[in-house]
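Secondary and tertiary structure notes
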Amino acid sequence: MPVKLPEKGFSKSKVIADINMAVADDQQYDTGHILGSMCTTPHTFAIKIASMYPEKNLGDPGLFPGTSRLEAETIQMLGDMLGDEHVVGNIVGGGSEANIIAMRVAKKFKENLEKPEVLAPETVHASFYKAADFMGFKIKALKLDKDFEFDLAEFDSAINKNTIGVVGIAGTTSLGLVDPIEQMGKIIESKNNDIFFHVDAAFGGFVLPFLRDLGYKLPKFDFLVPQVMSMTCDPHKMGLNLIPSGSFILREHFYKDVLGFDIPYLAGGAFKHFNVMGTRPGNVVLACWGLMRHLGREGYRAVVKECWDNTLYLRERLKELEKYIGVAREPMINVLGMTSNTNVPMSEIDKALRNKGWYLGFFRNMNPPIERIVVMPHVKSPAIDVFIEDLGKIVRELH
Ligand code: 0PR
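Residues numbered from 1 in each chain as written. Predicted model: local features only at pLDDT ≥ 70, side-chain atom pairs only at ≥ 80, totals over all residues. Heavy atoms only, no water.

Note on interface size: it is often stated as the accessible area lost on association of the parts. Each domain of the chain was delimited in the assignment, giving domain 1 (29–41 + 298–398) and domain 2 (44–296). Here the C-alpha centroids of domain 1 and domain 2 sit 28 Å apart. At the interface, 28 residues of domain 1 touch 32 residues of domain 2. Here domain 1 and domain 2 share an interface that buries about 2,800 Å² over both sides, 76% of which is from carbon and sulfur atoms. (Domains from an automatic or database assignment. Contact = heavy atoms within 4.5 Å. Buried area = accessible area lost by both parts, 1.4 Å probe.)

This is how it looks when you write it as structure tokens:
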């Protein structure tokens, strides 16, 4: 039966009881059983700030110039993390919105092409396919080899007069791998063809800079590569901020100045919108600014170190099941992809894990199919121990 808007409202306690009954069906991060998510419980300080200022609307920034100023500063701090603090941009609804905006910028500067194409590795996130569908361009997907890498010579020859943009990924959705951004940049430059180069660091953006700080040798993946024009980096993933918060960061102020949509009648005065969303939450922006100022590099480094240590622990413990379970690649960041080492399909293993209350990401259309674990801050070593025990029982039963 469809639920009706009640004529007379229920008491707050009755309503809360009803909500509590419904959310009792939800999974909880703190059980440690959600192994396949890129989100986690937001930091309590971010929750506190967001609940203090729920009315802030950055769709009308003229009414909220203070919040708007802190949005610009948040983007500068993100830029500082990613190799260039002289950037502009916006906090957006998430990685998908940021990627859609990036593709719009790429397309805007090559509007006269009949068959526009964006070149991207086949591991590219679904949001680029959404953008392609909305805006009428084609994604030319680069095939990956058995190590999930693409051939740079093939990349070079795939660029043609229809190429409006190139996407590189710093932390792929499935395996957390980083594309050869620096080499891609050099090839793009050699074409002399105004190709827009966007790096999707939705997940890796809050991980790679801190692994670099911790002394890991990492290839350049960010604005340190001069050809990179824009980046996606999501505070609502490893940034520990509230949903919805992604970021779209642009190196050149020029694009933002020319490409905004004029909204002349706003209460706070005329403004150009760059986001897809109109009315949008300012409280999560304030929370993001506050959390970044509070944690600092040191705080984020500690978060990343713990996740990385747990990733290495998980990797070690998985070796006990090597006869049955392998890894698609040794993890580069806190994302690990398991594969089946026998003829038992990964889909069966995924099903059995779900039956035991473990929630991983099953990439059924990859070759080989991959069961992804994201070692987020809520995934701790005691949960990893229980997981290995359950996984061990499952694979032994299935053989
Ligand atoms: N770019 C990359 C590289 C991503 O991995 C993701 C999301 C996005 C862009 C899009 O970000 P938004 O979801 O913020 O728009 N990656 C995760 C995924 O699709 C998102 C996710 C998060 C999935 C939590 C499940 C989950 O429980 O796997």
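The subject of this paragraph is the pattern of salt bridges. The tally for this structure, following the rule as stated, stands at 23 salt bridges. Between Glu348 and Lys351 there is a salt bridge, with the nearest N and O atoms lying 3.6 Å from each other. Within this pair, Glu348 and its partner Lys351 are both found in helix H11 (residues 346–355), separated by 3 residues, close to a single helical turn. For Glu348, a relative accessible area of 33% puts it in the partly exposed group. (Salt bridge = Lys/Arg side-chain N within 4 Å of Asp/Glu carboxyl O. Helix = DSSP H or I, 4+ residues; strand = E, 2+ residues; numbered from the N terminus. Buried < 20%, exposed > 50% of the residue type's maximum accessible area, 1.4 Å probe, protein only.)

This next bit is on the site of the ligand. Taken together, 16 residues surround the ligand, and among them Ser96, Thr173, Asp200, His236 and Lys237 come closest. Within the side chain of Ser37, an N or O atom sits 2.9 Å from an oxygen atom of the ligand. Take Ser96: an N or O atom from its side chain is 2.6 Å from an oxygen atom of the ligand. Its free accessible area being 600 Å², the ligand has 74% of it covered by the protein chains. Counting residues per element, the shell around the ligand draws most heavily on helix H4 (residues 95–108), at 3 residues. Taken together, the residues that form the shell around the ligand break down as 3 nonpolar, 9 polar and 4 charged. (Near = heavy atom within 4 Å. Polar contact = N/O pair within 3.5 Å; in protein donor to acceptor, adjacent residues only side chain to side chain. Areas by Shrake-Rupley, 256 points an atom, 1.4 Å probe, with all protein chains shown as cover. Nonpolar A, V, L, I, M, F, W, Y, C, P; charged D, E, K, R; others polar.)

Buried residues dominate strand S1 (residues 88–92), accounting for 5 of its 5 residues. Alignment of S1 against strand S7 (residues 246–250), held across 5 bridges, turns out to be antiparallel. The partner of Val92 across the bridge, within S7, is Gly246. (Pairing = 2+ DSSP bridges.)

Moving on, we get to the sheet that holds strand S11 (residues 335–340). Two strands in a sheet stick together by hydrogen bonds in their backbones, pointing the same way (parallel) or opposite ways (antiparallel). Across the sheet, 4 strands lie side by side as S10-S11-S13-S12; this open sheet has antiparallel pairing. At either margin of the open sheet sits one strand with a lone partner, and together these are strand S10 (325–327) and strand S12 (361–363). The mean angle between the axes of side-by-side strands here comes to 35°, regardless of whether they run parallel or antiparallel. The sheet contact formed by S11 and strand S13 (residues 370–374) spans 4 bridges and is antiparallel. Bridged to Met338 within S13 is Glu371. Helix H10 (residues 283–318) rests against S10, S11 and S13 of the sheet, and its axis sits at about 15° to S11. (Axes fitted to C-alpha atoms, helices over the stretch in contact; angles between N-to-C directions.)

Attention now goes to the environment of Lys323. As for its position among the elements, Lys323 is in the loop between H10 and S10. Sequence separation of Lys323 and Arg396 is 73 residues, and the distance between their C-alpha atoms is 9.9 Å. With near-sequence residues (within four places) excluded, Lys323 lies in contact with Asn341 and Thr342. Side chain to side chain, Lys323 and Tyr324 meet in a polar contact 3.5 Å long.

Another point: the sheet that holds S1. On the basis of which strands lie adjacent, the open sheet formed by 7 strands has the order S1-S7-S6-S5-S4-S2-S3 and mixed pairing. Each of the sheet's edge strands pairs with one partner strand only, and the pair in question is S1 and strand S3 (138–142). Sheet twist, expressed as the mean angle between neighbouring strand axes with direction ignored, is 20°. Packed onto the sheet, H4 meets S1, strand S2 (117–121), strand S4 (163–169), strand S5 (196–200), strand S6 (230–232) and S7 and runs at close to 175° relative to S5.

Together, Phe10, Val15, Ile16, Ile19 and Val23 make up an exposed nonpolar region whose accessible area comes to about 440 Å². Structurally, Val15 can be placed in helix H1 (residues 12–23). Look at Val15 and you get partly exposed, because its relative accessible area is 35%. (Patch = residues over 30% accessible without salt bridge, like charges linked within 9 Å, V, L, I, M, F, W, Y side chains within 5 Å.)

With that out of the way, let us pick up the nonpolar core. Residues Leu78, Phe155, Phe203, Phe206 and Met238 are the most contacted members of the largest nonpolar core, which totals 72 residues. The set of elements that each furnish at least two residues to this core consists of helix H2 (44–52), helix H3 (65–81), helix H6 (152–158), helix H7 (181–191), S5, helix H8 (208–213), H10 and S13. Taken together, domain 1 (29–41 + 298–398) and domain 2 (44–296) each give at least three residues to this core, which thus spans both. Setting aside chain neighbours within four positions, we find Leu78 in contact with Ile91, Phe206, Cys233, Ser247, Ile249 and Met292. Judged by nonpolar contacts, the second largest core, of 28 residues, contains Met103, Val105, Met229 and Leu250. (Core = buried A, V, L, I, M, F, W, Y, C linked by side-chain atoms within 4.5 Å.)

Let us now look at the packing of aromatic side chains. Taken as a whole, this structure holds 10 aromatic pairs when the rule is applied. Centre to centre, the rings of Phe206 and Tyr300 are 5.2 Å apart; their planes meet at 50°, and the pair counts as tilted. Of this pair, Phe206 sits in the loop between S5 and H8 while Tyr300 is found in helix H10, placing the two residues 94 residues apart along the sequence. Taken together, Phe109, Phe196, Phe254 and Tyr255 form an aromatic cluster joined through their ring pairs. One residue, Lys14, lies across the ring of Phe10, its end atom 5.4 Å from the ring centre. (Phe/Tyr/Trp six-rings, centres within 6.5 Å; stacked < 30°, edge-to-face > 60°. Lys NZ or Arg CZ within 6 Å of the ring centre and 35° of its normal.)

Here we take up the packing of H3 against H10. The geometry of H3 relative to H10 is characterised by a closest axis approach of 9 Å and an angle of 40° between their N-to-C directions. As the angle between them shows, H3 and H10 are arranged oblique. Regarding H3 and H10, the two cross each other, and that crossing is left-handed. Two secondary-structure elements touch here, H3 through Thr67, Leu70, Glu71, Glu73, Thr74, Met77, Leu78, Asp80 and Met81 and H10 through Val285, Leu286, Cys288, Trp289, Met292, Arg293 and Arg297. Classifying every residue of the contact of H3 with H10 gives 9 nonpolar, 2 polar and 5 charged. (Parallel < 35°, antiparallel > 145°, perpendicular 65-115°, else oblique. Left-handed = near helix turned anticlockwise from the far one by under 90°.)

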